[in-house]
Amino acid sequence: MNVADNLKAIDDKLSQRHIDLDPAGYFIIYIDREQGLIFAKHFTNIIDERGLAVDPETGKVIPAKGKVERTHTTVYSARTAKELSVKILEETQPCPLTMFDHAAYLGREFVRAEIALATGQEYVQD
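Presented here is a report on the structure given in the accompanying data block. Since the structure is predicted, the reported quantities are computational estimates derived from the model, not experimental observations. (Residues numbered from 1 in each chain as written. Predicted model: local features only at pLDDT ≥ 70, side-chain atom pairs only at ≥ 80, totals over all residues. Heavy atoms only, no water.)

## Overview of the packing of aromatic side chains
On inspection of all chains with the given rule, the structure shows three aromatic pairs. Both rings, one in Phe27 and one in Tyr76, keep their centres 6.3 Å apart while their planes meet at 45 degrees; by these two values the pair is tilted. Of this pair, Phe27 sits in strand 1 (residues 26-32) while Tyr76 sits in strand 5 (residues 74-78), and the two are 49 residues apart along the sequence. Each member of the pair, Phe27 together with Tyr76, is buried. Judged by centre distance (5.1 Å) and plane angle (10 degrees), the ring pair of Tyr30 and Phe39 falls under stacked. Overall, Tyr30 belongs to the partly exposed group, its relative accessible area being 30%. (Phe/Tyr/Trp six-rings, centres within 6.5 Å; stacked < 30°, edge-to-face > 60°. Helix = DSSP H or I, 4+ residues; strand = E, 2+ residues; numbered from the N terminus. Buried < 20%, exposed > 50% of the residue type's maximum accessible area, 1.4 Å probe, protein only.)

The following block contains the structure:
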């Protein structure tokens, strides 16, 4: 196994671990090549007593997989991962996330999205 395969195997394994959900909400990240931008749509949620994300308007559990029809609260966009991180974590008050591991995850995803935008690779949020 070469170094790249080994690193991918580590990341793939870590992607399967349990994570606690941020009570402040979640983000859907995507890129727009024509505009040269990374986008992050923020959605609010409530975490119920079982630890599941629930739509604050309907009270229904938000599934982790599959398509969900919900309206985002805010859309952030930027040209780079750093610019997007600054907009969300430093300039937005109150900050739309409350957990350090969520902030670290977003930073990783924003860098992946920036690399995909710069190289023409496909970007799929982890």
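From this point, the narrative continues.
## Considering the pairing of strand 1
For a regular strand, side-chain orientation follows a simple rule: the groups alternate between the two sheet faces. Only one face of strand 1 is buried, namely the one carrying Phe27, Ile29 and Ile31, since none of Tyr26, Ile28, Tyr30 and Asp32 on the opposite face is buried. In the sheet, strand 1 pairs with strand 2 (residues 37-43) via seven bridges, with the strands oriented antiparallel. Across the sheet, the residue bridging to Ile28 is Lys41, located in strand 2. Connecting strand 1 to the antiparallel partner strand 2 that follows it, the hairpin turn spans four residues, and Gly36 within it adopts a positive phi of roughly 70 degrees. (Pairing = 2+ DSSP bridges.)

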